[in-house]
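Here is what each chain is made of, one letter per residue.
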Amino acid sequence: MKTLLAASCLALAVMTAATPADARDVVIHAGRLIDGASATPRTKVSILVHDDRIVRVEDGFVTPPGAEVIDLSAKTVLPGFIDAHDHISMSEDWSTLARFTHTDGDAVLTGVRNARRDIETGFTTVRDVGSGPLEAPALIRGIEAGTIIGPRIWTALEALAPTGGHSDAQNGMRGDISFAQRDAAIIDGADDARYKVREHRRRGAMLIKIMPSGGVASIGDDPNHMTMTDAEMKSAIDTAHALGMKVAAHAHGKQAIDHVIMAGIDSVEHGTYADDESYRLMKEHGTFLVPTLLVADWIYQTAVKTPDRLPPTVAEKAIAVTPTMIGNAGRAYRAGVKIALGTDLTGLSGRNKAEEFALLVRAGLTPIDAIFAGTRNAAELIGAPEDIGSIQAGRFADIVAVSGDPLTDIKLLQKVDFVMKGGEVLKTGGRMVIRD
Ligand SMILES: [Zn+2]
């Protein structure tokens, strides 16, 4: 079967091999290049793109015969940003009423909006660590077909937690109200964990998200509690790894953080109450931390200024938990833990996702390490460093540009002028390209 498949792919490649007449060669003249691989920027560099991939990066402004030139000689050029903690269809309306009125249809529309906003702000890839059953697969198909504009999406489908945990839609509700899709996000017991991971993969999951601690934005559960057993965590993680999927764990409390690292998790999301022992474990196991500072900042501000916009108990939890969450990123960084950038916030909350870079710098990361967090580190965490996260030969031509030097002012990353994804220019001169 494998041979057959390889043979037919080869035939297809021969049939569709670009002839000089229809080959699409583009060369980008980059004034300054931060390539996501080296810590040292280069100046006056040419990036040669053929169709959707980068074929060569060379010094000086060169123009191969027949290539279309994109002049970014006055700009700083970087790899497309990667948000390692996204919820592609999440609305900025976190009210209890929205839970009872919004349908999957609303969520798909929100996802279309979010996907476009990701591109506008320079995020050419997102890791969707929790959405409904329909949204991400439909968005992925729509983006691949060119029907809508959006980033590359790696989706976990529904995040998995036990009864009463962070993903339980019934938390805080009357016992006689039932949520039809609740069960798809619930795991109780190691056998159930194994089944739900397999079932998620069958429905299109590309990674798995588990939630071994309580959370902030849910009613009633406590972020400090370890809500899953070791056996449940291990079963979910081992099953996912056997099926070639990575696993992300939402975890706030130290016990849940330490236990899920020892169970073999690939990334700890939030990681609020991690301590020196947790950081030592992360380094020993090669575990990434995704600190999610933008959501922490946003929910804290909302809890202080307009707490009635949040469901019951959430404002109190936000005020208690999020200041520690923000401090954690700097402590982990100084301890030598691998950091990947994740916002946990839609770009439609009135905030620009690229603010996460500035928040990482404020937490103590150097500007270049903050940029690495949102490019090569996130690509490594996703498991696709050969395709995304850097501007090198062979990678997808996912490329952004800003004015000025973001290494001296990291906030410049919040004003992306130019976005190319897979060789297609989606934004130029600060404006989105209008497609026919
Ligand atoms: Zn999240």
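Nothing here was measured: the structure is a model prediction, and the numbers come from that model. (Residues numbered from 1 in each chain as written. Predicted model: local features only at pLDDT ≥ 70, side-chain atom pairs only at ≥ 80, totals over all residues. Heavy atoms only, no water.)

## Some points on the UniProt feature "domain: Amidohydrolase-related" (unreviewed entry) in the protein chain
For step 1, the next point in the chain: Sequence positions flagged by UniProt for "domain: Amidohydrolase-related" (unreviewed entry) are, in local numbering, residues 76-425.
For step 2, the next point in the chain: A distance of 16 Å separates the end C-alpha atoms of residues 76-425, which is 39% helix and 15% strand. (UniProt positions renumbered as here; feature names shortened; annotations may be inferred. Helix = DSSP H or I, 4+ residues; strand = E, 2+ residues; numbered from the N terminus.)

## So, the pattern of salt bridges
For step 1, the next point in the chain: Taken as a whole, this structure holds 29 salt bridges when the rule is applied.
For step 2, the next point in the chain: Of the charged contacts in the structure, one is a salt bridge between R113 and E92, with a shortest N-O distance of 3.0 Å. With R113 in helix α3 (residues 104-120) and E92 in the loop between β5 (81-86) and α2 (96-101), this residue pair connects regions lying 21 residues apart in the sequence.
For step 3, the next point in the chain: What makes R113 partly exposed here is its relative accessible area of 39%.
For step 4, the next point in the chain: In this structure, D168 and R182 form a salt bridge, with 2.6 Å as the shortest nitrogen-oxygen distance. Here the residue D168 occupies a position in the loop between β7 (152-155) and α5 (190-202), and R182 occupies one in the loop between β7 and α5, the gap between them amounting to 14 residues. Residue D168 shares its accessibility class with R182, and that shared class is buried.
For step 5, the next point in the chain: Residues joined by salt bridges that share partners form a network here, namely D83, D86, D118 and K353. (Salt bridge = Lys/Arg side-chain N within 4 Å of Asp/Glu carboxyl O. Buried < 20%, exposed > 50% of the residue type's maximum accessible area, 1.4 Å probe, protein only.)

## Description of the layout of surface pockets
For step 1, the next point in the chain: Of the voids in this model, the second largest pocket is the one considered here, and its volume is about 280 Å³.
For step 2, the next point in the chain: Around the second largest pocket, the lining is made up of 17 residues, and of these I143, E144, G150, R152 and K421 lie nearest the centre.
For step 3, the next point in the chain: Mapped by element, the contributors of at least two residues to the lining of the second largest pocket are α4 (135-145), β7 and β15 (424-428).
For step 4, the next point in the chain: By residue number, the principal contributor to the lining of the second largest pocket is α4, which donates four residues.
For step 5, the next point in the chain: Taken together, the residues that form the lining of the second largest pocket break down as ten nonpolar, two polar and five charged.
For step 6, the next point in the chain: Domain assignment of the residues forming the lining of the second largest pocket places at least three in each of domain 1 (22-79 + 390-432) and domain 2 (81-382). (1 Å grid on protein atoms, 1.4 Å probe; cavity = no way out; pocket = protein on both sides within 12 Å on 5 of 7 lines; lining within 4 Å. Points joined across faces, edges and corners; volume = space filled by probe spheres on them. Nonpolar A, V, L, I, M, F, W, Y, C, P; charged D, E, K, R; others polar. Domains from an automatic or database assignment.)

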